[in-house]
Amino acid sequence: MISESSFAYVADLLRRETAMLCDPGKEYLVEARLLPLARSAGDADVDRYVARLRTGPDAVAERARAVDALTINETSWFRDLAPYQAFTDVMLAHLLQARAATRHLEIWSAACSSGQEAYSLAMLLDESLPPGWTWRIHATDVSPTMLERVRAGRYSQVEMNRGMPATRLVRYFSRVGSEWEVGAELRSHVTTAPLNLAAAFPPMPVFDVVFLRNVLIYFDLDTKRDILRRVSPRVAADGYLLLGSSETTLDLDDAWVREPAGRVALHRPRSTARRSAPVAAASSPASALSTALPGARACTP
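Residues numbered from 1 in each chain as written. Predicted model: local features only at pLDDT ≥ 70, side-chain atom pairs only at ≥ 80, totals over all residues. Heavy atoms only, no water.

**Some thoughts on the pairing of strand β4 (residues 173-176)**
Working step 1: Pairing analysis gives four bridges linking β4 to strand β5 (residues 179-182), with the strands arranged antiparallel. Within β5, the position partnered with Phe-173 by the bridge is Val-182.
Working step 2: Between β4 and β5, which pair antiparallel and follow one another directly, the connecting turn spans two residues, one of which, Gly-177, has a positive phi of 65°. (Pairing = 2+ DSSP bridges. Helix = DSSP H or I, 4+ residues; strand = E, 2+ residues; numbered from the N terminus.)

Have a look at this one:
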């Protein structure tokens, strides 16, 4: 098992690079994530690999690889179901009326991991929007490895078994070797960019819906408040912010009003007078996001 001093170094590295917390008790996770990198580098164990991170000739590159490995999160299709039901039944129902003039929607899947959330939303939009509507999903994450997976849109059978209904599997995926690939039409609606939630955001459009689920729990209180403060201007005046089931804006940021929607809470901007025009008027949001800074996700199982 990784030594106490090596774990402390890795936890400090992760906090410095991403502002994410990796508390004592996660030693097993750090060991599991870094052991493949240690073997690839020719080190006998994780402690020797951590020594390489500290002073080795390739320390900078290896530290980047280590942070990438530690920020890969678990995810699944239509995770928890209730947020997606609220998306179609409440959020889309409202936005179809509110965006009738532009007939365009912009969605942000923040901390998108390997893309199951973004593509789950893409399927729902494809099924729910009337003809003539356009839409785009911006998927951002700290991990270059995860963003490559989103762009490829390929998933193993084990991953497909985690929440993918058979009817949607047949409709939206094709078999490529031992993997399943998202169809080109659906992938064309999803853009990717690296983004550090804990750092200053680059120029970005205003979004109709922001999914920021299951990531705030890995930050300290001050960082949570700062992220919510910077996300706030990126949500349309009548838009929505959706957090994870164990996350809330209460006692963190008073710019939001919580509205119940079944088993989930939707967060709405408190003031409707402080926003810019609807997102469809934003210029080249995809190119703006492509300049995003490298970014932040968590030391999580």
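**Observations concerning the environment of Thr-223**
Working step 1: Position of Thr-223 relative to the elements: it lies in helix α11 (residues 221-231).
Working step 2: By relative accessible area, which is 14% here, Thr-223 ends up buried.
Working step 3: Once the C-alpha coordinates of Thr-223 and Ala-198 are considered, the two residues, 25 residues apart in sequence, prove to be 6.7 Å apart.
Working step 4: Apart from the residues within four sequence positions on either side, Thr-223 is in contact with Ala-19 and Ala-198. (Buried < 20%, exposed > 50% of the residue type's maximum accessible area, 1.4 Å probe, protein only. Contact = heavy atoms within 4.5 Å.)

**Things to note about the sheet that holds β4**
Working step 1: Strand order in the open sheet formed by three strands is β3-β5-β4, and the pairing between neighbours is antiparallel. Every interior strand has two partners, whereas the edge strands, β3 (154-156) and β4, have only one. Pairwise comparison of adjacent strand axes, ignoring direction, gives a mean angle of 35° for this sheet. (Axes fitted to C-alpha atoms, helices over the stretch in contact; angles between N-to-C directions.)

**Describing the nonpolar core**
Burial of nonpolar side chains together is a common tendency in soluble globular proteins.
Working step 1: In terms of nonpolar packing, the biggest core is built from 45 residues, with Leu-34, Trp-108, Leu-197, Leu-212 and Val-231 touching the most fellow members.
Working step 2: Only α1 (4-18), α2 (27-41), α3 (46-55), α4 (59-70), β7 (207-212), α11 and β8 (235-243) provide two or more residues apiece to this core.
Working step 3: Of the residues forming this core, the biggest block, six residues, is contributed by α1.
Working step 4: Formed by 43 residues, the second largest nonpolar core is a distinct cluster that contains Cys-112, Leu-169, Leu-186 and Val-264. (Core = buried A, V, L, I, M, F, W, Y, C linked by side-chain atoms within 4.5 Å.)

**Things to note about the sheet that holds β8**
Working step 1: With mixed pairing, seven strands are arranged side by side in an open sheet as β6-β2-β1-β7-β8-β10-β9. Two strands bound the open sheet, and with one partner strand each, they are β6 (190-194) and β9 (256-261). Recorded for the sheet is a direction-independent mean angle of 25° between the axes of neighbouring strands.
Working step 2: Of the pairings in the sheet, the one linking strand β2 (residues 134-141) to β6 comprises five bridges and is parallel in character. Bridging across to β6, His-138 finds its partner in Thr-191.

**Regarding α1**
Quick reminder: α-helices carry 3.6 residues per turn. Residues three or four places apart thus point the same way.
Working step 1: Its 15 residues place the ends of α1 21 Å apart at the C-alpha level, agreeing with the 21 Å of an ideal helix rising 1.5 Å per residue.
Working step 2: Those residues of α1 that fall on the buried side of the exposure criterion are Ser-6, Phe-7, Tyr-9, Val-10, Ala-11, Leu-13, Leu-14 and Thr-18.
Working step 3: Each element contacted by the buried residues of α1 is listed here: α2, α3 and α4.
Working step 4: In the segment just after α1, Ala-19 is the residue with positive phi, at about 70°. (Expected span 1.5 Å × (residues − 1).)

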